[in-house]
Amino acid sequence: MYLYPNKGHPWNTQKAIWSWWSRCKIGPGAGVGTNLLGRSIFRCCNRRIDNLKSTSWNWVDNWGNRDTDYSWTIQNRSGVPRILTEEPLSPKAPTCPKGYAKLELNMELFWILLFSALHYCVKGQGVYAPANAQIAHSGQACVVKDDNISERVYTIREGDTMVLQCLVKGHPRPVVRWTKTAGSASDKFQETSMFNESLRIEKIQRTQGGRYYCKADNGIGVPAIKSIRVDVQYLDKPNLTVHQTISDVRGSYYQEKTVFLRCTVNSNPPARFIWKRDSEVITHNQDNGVDIYEPLYTQGETKVLKLKNLRPQDFANYTCQVSVRNVCNIPDKSVTFQLTNTTSPPSLKLSVNETLVVNPGENVTISCLVITGEPTPTISWTHYPGPMPPLARIQGGTTTLWNVQVQDSGYYNCTAVNNVGNPAKKTVNLIVRDMRNITFQITPDSNKDSETIEMEKDVKLSCHVDAQPQDRVNYTWYKNGMPVRTSSSLVIIRNDLDLAPGTSSLEILDLKFTDLATYKCVASFPGTPIPKLQIEMNVTDKSVKPPTLTIPRGRGIITVREGSRAELQCDLTGNPRPPVLWSRADKELPMPNGEWIVETKDGRLRLENVTRDMTGTYRCQTARYNGLNIKPREATVQLNVQYAPIVDPQFTDKRFKTGTSATLRCSLLKGNPQAIATATWRLNNRLVRSGQTDSKDVSELKIEAVNQDTIGTYECMISNDVGSSSCIFYVSARAYSPEFYYDTPNPIRVQKEKNAYSFLLQWTQKDAYAVDPVIGYKLDFRQLKYQTSISKQISSTLNRKGDLMEYTLDGLKINESYEVRLTPITNYGAGDPTTRLIHYIEPYNYPGPTDRTCGFEDEKICGFSQDSSDNFDWTRQNALTQNPKRSPNTGPTKDRSGSSEGYYMYIEASRPRMQGDKARLLSPLYNNTGVRTSFKNTYCVSFYYHMFGKHIGSLNVLVRVKNIGVLDTQVWTLSGNQGPWWQQANVTISPSGSFQVVFEGVRGNGYEGDIAIDDVTIMLGKCKPDTNASPYTDVMLNGSATIHFLPHSHMFFAVVISMILLIR
């Protein structure tokens, strides 16, 4: 609704001002118009006034109509003027002529009031607010240090359950992501992220300690990031070992020797060590024969007990006890060792040789015999590489391997430990005979750098087999089927040092016609069942030719489609023809099968199901084996893998107002070929357009007007002659989902007469202007335990971004939870729904000017509660319920009013209380977010205290703010004896959020230290000075005394000026 001056009036600026006022949402309604301070600024009249500062004012609705018979109500709610109702005027009520109204206050006062309220109207974001976060803990924490927010430490015992909660505020509701740094690289959690407001780790391990980060982001402003360091506490069982000095190792036992008892433990926090001989505690330098010290360069925490020149009394039971001082209720642990005159380190003897060669299929038994050691050593077995074979059977110092195979080869280690001296260790190298892959080489005369075999020049034939043990292989050479014997022209080399170890060579000196023949090399393990391997070489001056490697014409570049089969070819000639080795030439990458080199017999590399990652250059080269041992020949082949285009966006949701135009754009990001061949557009599978595009990397479609005929699913299929990919656009005029507002203060109201409760739902509309205006909402809600839901219709008007809408759900059953589903409605139809859960929580009471003083007369003590994290509790009593044997000379005898029936709260300082023990009494939670203001609300905490006794400790008052997480701030403290009377204290506080007042009593150094409180009042507003009361202070969140101005000083200033003008 707009209020404009009449046409032709010279005050043009006033029209702009009234237009601005309309953006503050003044609209149609019934009753009397009010300004933001609640005073009437205009009302309907029964006669037309044409002379109000030379102007009159017309009501003009949104459509320009001046002929309306409606009255309007404008009300300020939550800082924003809103329309309440619109009703026809009663026929009996005095009415203005159609379209006219009167301005009641003079214009000067109006402009002052208008501008004093300016900040309420210029809220471009409404209730939208960036994310805010705080980490709160639950679960099995030992200690959480909150005194330094920048370094919060959560201490927990290993094996317990850790629960961290990221408490968030902001609108829209922030998304929470948990990450972890610092700790173990083996911890899988730090490699991933969790999107949840709660982080729960069952049976936490020490490697999961470190810093945990909670990141809250809602797309507005900078994400909020908070962290907490998790300190996992643990204590392992200690390990105790006994050693003697190096010079005394030759001794047969420890009598008259110097002995070191070394105790090592892993713990967090560092452990404390206690040494005992039998049951007697040993201290440092207890006598000349004992010394306790901490050595350098040790792993873990270590303490050494040194027994110098053993005496008979030193032979005893020694206990190393470690403790972390009961942190996290971790008990002490200990280990005991009996030292005798026969104590000695272990020694072993093997039943087999250190190198044991066997045939496949045999059974092998290895025994480690204990020669010495007291106490009796414990023997363990290990295998390298890999674990013990699955068929191994271990019985003490004996290991039996059944049906051994080649893969069972390796080192078998037996270790004897009795915690005296160093462990004894023996190793057996088990070799299972194996022979495979025999190859040959023909080396022309190396002295002449020749690559061919020539008469009267030297030739070397070489033979190699992969075997274990390599040095046990026997090579036999044959010429035309006859064994070769060493002669002046034929030389057999059993182990050719110029080639790989285990290679045998036959050298032919000055090749003659008689040396041209077929040679055969046979490899074997004599006397074993291992089959022989053999290979033949045909040596003639005509048949042996160097290899050549060529790429067939037209095969230098191979182009295939992704997913198909590719064959890379290198043609090989020569005699003999060696294998061809393939590798990647342009990238330091393995071949597609994972190997770095692939061997082929025919020079063809076959690749199945090729992918775009295989694109590149491949090298083929001749091997030096199974042919001439000369410089390898090589060539390259280019593989080009074509693949379908990659487009953007693959799927997107596009929403527009009906009747508007829109352009859809599909882009080619990647592809081979990198160009659009054709682009086909379809709407709901119906062809819209097809053919080539002007651009190589983008295709566009323009929608002239969004309506029922042009709404639907658009598909843009882009092809590059290899394949096609599609961009999907879901085009509609559907409204976006509402965004529930989760920061509503005190949304629950109990309806006692119905044994029910109501819940105030608040929400904003996401991207309200993206589509047609929302005209209403459909609300469905149901109890979680039932499937049937109840539906309600909620009317709505066009809203600005961030405007908060609300609806109160009535008649909800106490202690029942509900699921709420909210769906926006536009002229187009139903939009996207959103859901949330409603859980019943006992509503918070908050202070007001009429709240009564709590004298603790009721057993419910006005909603106060005991803190579960302190050392003991406050006690409620009066003069009639006092313990007659209570401590004299301390504590009150009656309550503050002097009545014997009146109750008060006090702390009892007698045993078993200790100095420094604390008792905390918590007030109810008070809401401090009900009024929107840029200043903190001010409250007065008033109470009476009684602190009489020579051992009085301290009484502290803290404010526990629960706006984001929990933060305690001390705002008042008093210590020592204050006399045998009740005294009053007043403290002004300015908390930044919902808060509790905490009364903390600290026990002094004796039993005459009872502290009491009574008549606690928490009032809205500053404390009033009282000459008879204790001085009070104004306290901000950080607890420092401040001068605190009125919350609305700017509006107060406006009201003062307004009153002056009224008087004038």
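Worth saying up front: this structure is predicted, and the values here are computed from it rather than measured. (Residues numbered from 1 in each chain as written. Predicted model: local features only at pLDDT ≥ 70, side-chain atom pairs only at ≥ 80, totals over all residues. Heavy atoms only, no water.)

A. Geometry of the overall build of the chain. A tally of helices and strands in the chain yields 4 helices and 77 strands. In the chain, the share of contacts with a sequence separation of at least 24, taken over all contacts with a separation of at least 6, comes to 69%. Here the chain displays about 54900 Å² of accessible surface, and carbon together with sulfur accounts for 49% of that area. (Helix = DSSP H or I, 4+ residues; strand = E, 2+ residues; numbered from the N terminus. Contact = heavy atoms within 4.5 Å. Areas by Shrake-Rupley, 256 points an atom, 1.4 Å probe, with all protein chains shown as cover.)

B. A look at the environment of Met805. Mapped onto the elements of the fold, Met805 is located in strand β63 (residues 805-813). Using a relative accessible area of 10% as the deciding quantity, one classes Met805 as buried. C-alpha separation for the pair Met805 and Thr764, spaced 41 residues apart in sequence, amounts to 6.1 Å. (Buried < 20%, exposed > 50% of the residue type's maximum accessible area, 1.4 Å probe, protein only.)

C. A look at the state of the cysteines. Applying the stated rule across the entire model yields 8 disulfides. Two residues share a disulfide in this structure: Cys463 and Cys521, whose sulfurs sit 2.2 Å from each other. As the torsion about the S-S bond is roughly -85 degrees, the Cys463-Cys521 disulfide counts as left-handed. Here Cys463 is found in strand β34 (residues 459-468), whereas its partner Cys521 is found in strand β39 (residues 517-524), with 58 residues between them in sequence. Per residue, the accessibility class of Cys463 equals that of Cys521, and both read buried. Just so you know, Cys716 is unpaired, no disulfide at all, and the nearest cysteine sulfur is the one on Cys666, 3.9 Å from it. Judged by relative accessible area, Cys716 falls into the buried class, the value being 0%. (Disulfide = S-S within 2.5 Å.)

D. Seen up close, the side chain of Thr399. Along the chain, Thr399 falls in strand β30 (residues 398-401). Note on Thr399: relative accessible area 1%, which makes it buried. Within the structure, the side chain of Thr399 is placed 3.3 Å from the side chain of Trp381, a separation counted as a polar contact. Beyond its immediate stretch of four places on either side in the chain, Thr399 contacts Val364, Thr365, Ile366, Trp381, Met388, Arg393 and Ile394. (Polar contact = N/O pair within 3.5 Å; in protein donor to acceptor, adjacent residues only side chain to side chain.)

E. Representation of the sheet that holds strand β27 (residues 364-374) in the model. With antiparallel pairing, the 4 strands of this open sheet are ordered in space as β25-β27-β30-β29. At either end of the open sheet lies a strand with only one pairing partner, and these are β25 (344-350) and β29 (392-395). Shown here is a sheet whose adjacent strand axes are inclined to one another by a mean of 15 degrees, direction ignored. Sheet analysis places β29 next to β30, joined by 4 bridges and oriented antiparallel. Across the sheet, residue Gln395 finds its bridge partner in β30, namely Thr398. (Pairing = 2+ DSSP bridges. Axes fitted to C-alpha atoms, helices over the stretch in contact; angles between N-to-C directions.)

F. Region of interest: the nonpolar core. Core analysis: the largest hydrophobic core is formed by 33 residues, its most contacted members being Phe856, Trp874, Leu921, Phe943, Leu955, Trp972 and Phe999. Elements supplying a minimum of two residues to this core: β69 (904-907), β70 (918-922), β71 (939-947), β72 (954-961), β73 (967-975), β74 (983-989), β75 (995-1002) and β76 (1011-1020). Trp972 has contacts with Phe943, Tyr945, Leu955, Asn956, Val957, Ala985 and Val987, leaving out every residue within four places of it along the chain. Judged by nonpolar contacts, the second largest core, of 31 residues, contains Ile438, Trp477, Val484 and Leu511. (Core = buried A, V, L, I, M, F, W, Y, C linked by side-chain atoms within 4.5 Å.)

G. Local environment of the packing of aromatic side chains. Within the structure shown, the criterion is met by 13 aromatic pairs. Considering the side-chain rings of Trp763 and Tyr777, the 5.3 Å spacing of their centres and the 75 degrees angle between planes classify their relative orientation as edge-to-face. Highlighted residues: Trp763 in strand β60 (residues 756-765) and Tyr777 in strand β61 (residues 774-783), separated in sequence by 14 residues. A relative accessible area of 1% means that Trp763 is categorised as buried. The exposure class assigned to Tyr777 is buried, which follows from its relative accessible area of 1%. An angle of 50 degrees between the planes, with centres 5.5 Å apart, marks the rings of Tyr945 and Trp972 as tilted. (Phe/Tyr/Trp six-rings, centres within 6.5 Å; stacked < 30°, edge-to-face > 60°.)

H. Focus on the pattern of salt bridges. This structure, assessed with the given rule, holds 35 salt bridges. A salt bridge links Asp1015 to Arg896; the shortest N-O distance between them is 2.9 Å. Residue Asp1015 is found in strand β76, and its partner Arg896 is found in the loop between β68 (875-877) and β69; the two are separated by 119 residues along the sequence. Assessed through its relative accessible area of 35%, Arg896 is described here as partly exposed. Because the salt bridges share partners, they merge into one network encompassing Arg565, Glu567, Asp602, Arg604, Arg606 and Glu608. (Salt bridge = Lys/Arg side-chain N within 4 Å of Asp/Glu carboxyl O.)

I. The arrangement of the sheet that holds β39 in detail. One open sheet holds the 4 strands; their spatial order is β36-β35-β39-β40, and the pairing between them is antiparallel. The open sheet is flanked by β36 (482-483) and β40 (533-539), the only strands paired with a single partner. Pairing analysis gives 7 bridges linking β39 to β40, with the strands arranged antiparallel. Within β40, the residue paired with Ala517 across the bridge is Val539.

J. Highlighting the side chain of Ser667. Checked against the element boundaries, Ser667 lands in strand β52 (residues 662-672). Residue classification places Ser667 among the buried residues on the basis of a relative accessible area of 17%. Excluding residues that lie within four positions of it along the chain, Ser667 makes contacts with Ile646, Val647, Asp648, Asp697, Val698 and Cys727.

K. Broad picture of the environment of Ser719. Locating Ser719 in the fold gives a position in strand β56 (residues 712-719). Residue Ser719 is classed as buried on the basis of its relative accessible area, which comes to 16%. Residues Ser719 and Thr678, spaced 41 residues apart in sequence, show a C-alpha to C-alpha distance of 5.3 Å. Apart from residues lying up to four places away in sequence, Ser719 is in contact with Ala675, Ile676, Ala677, Thr678 and Ser724. Polar side-chain contacts of Ser719 include one of 3.3 Å to the backbone nitrogen of Asp721.

L. Representation of the pairing of β52 in the model. Inspection of the sheet shows strand β50 (residues 634-648) paired to β52 by 4 bridges, in the antiparallel sense. Paired with Tyr643 across the strands is Asn672, a residue of β52. Two elements, β52 and strand β55 (residues 698-703), share 6 bridges in a ladder whose sense is antiparallel. Paired with Leu664 across the bridge in β55 is Leu701.

M. Summary view of unusual backbone geometry. Gln468 connects to Pro469 through a cis peptide bond whose omega is -5 degrees. Its location among the elements puts Pro469 in the loop between β34 and β35 (474-479). In this structure, the amide linkage connecting Asp648 to the following residue, Pro649, adopts the cis form with an omega of 0 degrees. Its place among the elements puts Pro649 in the loop between β50 and β51 (651-655). Here the phi dihedral of Asn326 falls at roughly 60 degrees; this positive angle occurs in a residue that is not glycine. The residue Asn326 is located in the loop between β23 (317-323) and β24 (333-338) in this model. The class for Asn326 is partly exposed, based on a relative accessible area of 48%. The backbone phi angle of Asn419 is positive, close to 65 degrees, even though this residue is not glycine. Positionally, Asn419 belongs in the loop between β31 (410-417) and β32 (424-432).

N. Layout of the environment of Cys142. Within the secondary structure, Cys142 is located in strand β9 (residues 141-145). Placed 91 residues apart in sequence, Cys142 and Gln233 show a C-alpha to C-alpha distance of 9.1 Å. Beyond its immediate stretch of four places on either side in the chain, Cys142 contacts Thr155, Ile156, Arg157 and Cys328.

O. Just the confidence of the model for the chain, in detail. Mean pLDDT over the chain stands at 80; residues scoring 70 or higher make up 78%. Throughout residues 146-150 the model reports pLDDT below 50, and contacts reaching past four residues in sequence, or to other chains, amount to 3 contacts. (pLDDT = per-residue confidence, 0-100.)

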